[in-house]
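# A structural walkthrough
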Amino acid sequence: MILEVKNGYFGYAKDNTILKDISFTLGEKEIMTILGQNGIGKTTILKCVTGILKWQQGQTLIDGKPIGPSRESREQVNIGYVPQAHSLSFPYTVREVVTMGRARHIGLFSVPSKNDRKMVEQAIDEVGIGYMRDKLCTQLSGGQLQLVFIARALAGEPKALILDEPESHLDFRNQFMILNLIKKLVRERGISCIINTHYPEHALRISDTTLLLGRDSYLFGRTGEIITEEKVRDYFGIDVRILPVPYINKEIKAFVVLDNLDSRQDVCSCSK
Amino acid sequence: MIVKQKNLKLAWMALLSLLAATFFVSLFWGRYLISPGEVGRILIDGLRGVEQDGMAASIVWGIRMPRTLLNVLVGAGLAIAGASFQGLFQNPLVSADVLGVSSGAAFGASFGILLSGINNFTTAMALVFGILSVFMTYTLSKLRGESSTLSLVLSGMIISAVFSALISLIKYVADPYDKLPAITYWLMGSFANASYSNLKLVGAPILIGIAVLLMLRWRINILSLGDEEAYSLGVNPVKIRLVIIVMATLITAACVTVTGVIGWVGLVIPHICRMIMGVDHKNLLPTSCIVGAIFMIIVDIIARTATAAEIPIGILTALVGAPFFAILFKKTKGGWQ
């Protein structure tokens, strides 16, 4: 499916709009990354696209058709959302959590059917967490929990997958594994994908398009054209080099941070 | 400790047989002991429509049967309402009266006793004020312009505090030789007034509440993830939450109305059931019903047989339940964490 956002505006407080005039298009089987500093509105974009939050102006279109403003019509759009790994209020087993991903396919007064259980097992196997399907989610590590949430989103048979910093809190081996998993899902399931990330090299590695979000402006385009040394300097205020590293018969781009351009600015400008 | 998926059916059967067994014990055990064989005969005769007279038959059919049925209804109702609320508010420490229904109903009953003693008017007052208090809590929580669980719980605390203060006020002004003891005993809870007319009064609301909650049992899982994740999974939590609150309130108000305030059941039975069956509300809710009913029957048998005078059941649910819970808690090392 093709997912479009046209002129989206959003702010949590009335006089403070954090997203202004956002437009982008996510094509079929494409991966899009969103990069930007902490607190700049990356997660907010994802929540507006999935319908957890509501655009104040503008709209999301699926295959050219706008999603209506009502909650109900937004519920029908099948977009799987994978939140950042967080602890659950009750110690559900992995299988129970993944089953909850079927919610939109299960009637209000029903319980999961045989078909639902089949889809759940399939999602669990696809993500490769079959060995821990009966474990309690409270006993899992952050990386394992992230996989469980991905499986939960897949169990809902989504047409697009939206992931909020899926590789944060993970060691680099697991980061790599998550990225490969996303690539595999896009290839095999034919779904589209939007990913928030803090790692430009991850974006360079897996995404087709990139949205670089700044405080008052943003850039959207092919990843190679967006993540360049000049643009990263403009948007993050740091001096970087992007270097090609030859590997077998392709080039992998390495991202090296050199220096902070503006020494007055704090290392982490987290405040909104 | 947690029952495996494939043994679930076996566990259901075991719990149901235990319920049937305690139910039967409750019919023959008491200050007036009737032999199990005779109770069996009386039951079969009664069901076949044979005319019966004599002390034993009237005790079994007239006194113990309605009382035990009420035990089952109230135990199952309080437990399932507690389990639903714990899922809904994502907090294993809330109980069914978190929104103020118990204190509201208790105030209504106290006020009724103050005005006219224990009669049908009192019962009606308890029911009206129980539902009114939750309505007030819900309206208050909306004042902040959102219906989050936090604002609901806070509003519940406010309303409960007001009604608790009003109960104290009523006790303070009540006649200390007549009305005050009546109010105090009522607040401790008792099944002594159980009768078929009581059963008729509260049977329908409790059964309807239980049925609706059981139908929604899997949805409570989704609601226990919080509103944002519920939306992201394609579920609108607001309406379902309202339905669950209304049903749990209906159950609790009906229970408080006929038996007074019985604490601890709605809090601890769901915990015990999580240790047996796991946290999936699909299994937890029906288990809570059965275990709640068993627990209530056993505690009520103790309440009416342990001493010459009947012990208020609100005291016993805590005295029996707390040590039992402590043992389970130690055995499972905190169990479900």
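Everything numeric here is computed off the predicted structure, so don't read it as measured data. (Residues numbered from 1 in each chain as written. Chains lettered and ligands numbered in written order. Predicted model: local features only at pLDDT ≥ 70, side-chain atom pairs only at ≥ 80, totals over all residues.)

## Details of the overall build of chain B
Along the backbone of chain B there are 14 helices and zero strands. Taken from N to C terminus, the helices and strands of chain B fall in the order α-α-α-α-α-α-α-α-α-α-α-α-α-α. Against the globule reference of 20 Å for 337 residues, chain B gives a C-alpha radius of gyration of 20 Å, in line with a compact fold. In chain B, buried positions account for 48% of the 337 residues. Considering only intrachain contacts with a sequence separation of at least 6, the fraction spanning at least 24 residues in chain B is 75%. (Helix = DSSP H or I, 4+ residues; strand = E, 2+ residues; numbered from the N terminus. Rg over C-alpha atoms; globule rule 2.2 N^0.38 Å. Buried ≥ 20, exposed ≤ 12 C-beta atoms within 10 Å, placed from the backbone. Contact = placed C-beta atoms within 7 Å.)

## Focus: the interface of chain A and chain B
Each side of the interface is counted separately: chain A has 24 residues, and chain B has 23 residues. At the level of elements, helix H2 (71-76) and helix H3 (94-100) of chain A are the ones that each hand at least two residues to the side of chain A that touches chain B. Taken together, the residues that form the side of chain A that touches chain B break down as 13 nonpolar, seven polar and four charged. (Nonpolar A, V, L, I, M, F, W, Y, C, P; charged D, E, K, R; others polar.)

## Section: the environment of alanine 57 of chain B
Residues and elements named next belong to chain B. Counting through the fold element by element, alanine 57 comes out in helix H3 (residues 55-88). For alanine 57, a count of 20 C-beta atoms within 10 Å gives the class buried. Counting along the chain gives 18 residues from alanine 57 to valine 39, while the straight-line C-alpha distance between them is 7.9 Å. Ignoring sequence-local partners within four residues, the contact set of alanine 57 consists of Ile42 and Gln52.

## A closer look at the sheet that holds strand E7 (residues 160-164) of chain A
Residues and elements named next belong to chain A. Spatial strand order, E6-E7-E8-E3-E9-E10: six strands in an open sheet with mixed pairing. Looking at strand neighbours, the two that pair on one side only are strand E6 (79-82) and strand E10 (218-222), the edges of this open sheet. Strand after strand, the sheet turns through a mean of 15° between neighbouring axes, direction not considered. Sheet topology places E7 next to strand E8 (residues 192-196); five bridges connect them, and they run parallel. Directly across from aspartate 164, in E8, lies its bridge partner asparagine 196. (Pairing = 2+ DSSP bridges. Axes fitted to C-alpha atoms, helices over the stretch in contact; angles between N-to-C directions.)

## Remarks on the pairing of E8 of chain A
Most of E8 of chain A sits out of view: five of its five residues are buried. Following the backbone out of E7 of chain A, through helix H6 (residues 172-189) of chain A and into the adjacent parallel E8 of chain A, one traces a crossover that is right-handed. (Right-handed = clockwise from strand over helix to strand, strands pointing away.)

## Points about the sheet that holds strand E4 (residues 57-62) of chain A
Residue and element names in this part refer to chain A. Spatial ordering of the open sheet is given by E2-E1-E4-E5, a layout of four strands whose pairing is antiparallel. The two strands at the open ends of the sheet, each matched to only one other strand, are strand E2 (19-26) and strand E5 (65-66). Here strand E1 (residues 3-10) pairs with E4 via five bridges, running antiparallel. Counted as the bridge partner of glutamate 4 is leucine 61 from E4.

## Here's the deal with the confidence of the model for chain B
Interpretation of the predicted coordinates at a detailed level should be avoided for regions scoring low in pLDDT. Residues of chain B with pLDDT of at least 70 account for 97%, and the chain-wide mean is 87. Interface predicted TM-score (ipTM) for the complex: 0.85; the corresponding pTM is 0.87. (pLDDT = per-residue confidence, 0-100.)

## Focus: helix H13 (residues 281-305) of chain B
With 25 residues, H13 of chain B extends 35 Å between its outermost C-alpha atoms, agreeing within 8% with the 36 Å of an ideal straight helix rising 1.5 Å per residue. In terms of residue burial, H13 of chain B counts as a mostly covered element, since 20 of its 25 residues are buried. (Expected span 1.5 Å × (residues − 1).)

## Focus: the environment of glutamine 52 of chain B
Residues and elements named next belong to chain B. Considering the arrangement of structural elements, one finds glutamine 52 in the loop between helix H2 (36-48) and H3. Residues glutamine 52 and isoleucine 42, spaced 10 residues apart in sequence, show a C-alpha to C-alpha distance of 7.9 Å. Those residues within four positions of glutamine 52 in sequence are excluded, and the remaining contacts are Ile42, Asp45, Gly46 and Ala57.

## What about the packing of helix H4 (residues 101-116) of chain B against helix H7 (residues 179-188) of chain B?
All names here are of chain B. Between H4 and H7, whose axes approach to 9 Å, the crossing angle comes to 155°. The angle between H4 and H7 falls in the class roughly antiparallel. Pair H4 / H7 crosses with right-handed handedness. Within the contact between the two elements, H4 uses Ala106, Ala109, Ser110, Ile113 and Leu114 and H7 uses Lys179, Ala182, Ile183, Trp186 and Leu187. Among the residues forming the contact of H4 with H7, the class breakdown is eight nonpolar, one polar and one charged. (Parallel < 35°, antiparallel > 145°, perpendicular 65-115°, else oblique. Left-handed = near helix turned anticlockwise from the far one by under 90°.)

## A closer look at the packing of H3 of chain B against helix H11 (residues 237-259) of chain B
Residues and elements named next belong to chain B. At a minimum axis separation of 9 Å, H3 and H11 run at an interaxial angle of 145°. Considering the relative orientation of H3 and H11, their crossing is left-handed. Each of Leu70, Val74, Gly77, Leu78, Ala81, Ser84, Phe85 and Leu88 in H3 lies in contact with H11, whose residues at this interface are Arg241, Ile244, Ala248, Ile251, Thr252, Cys255, Val258 and Thr259. Here the contact of H3 with H11 is built from residues that sort into 11 nonpolar, four polar and one charged.

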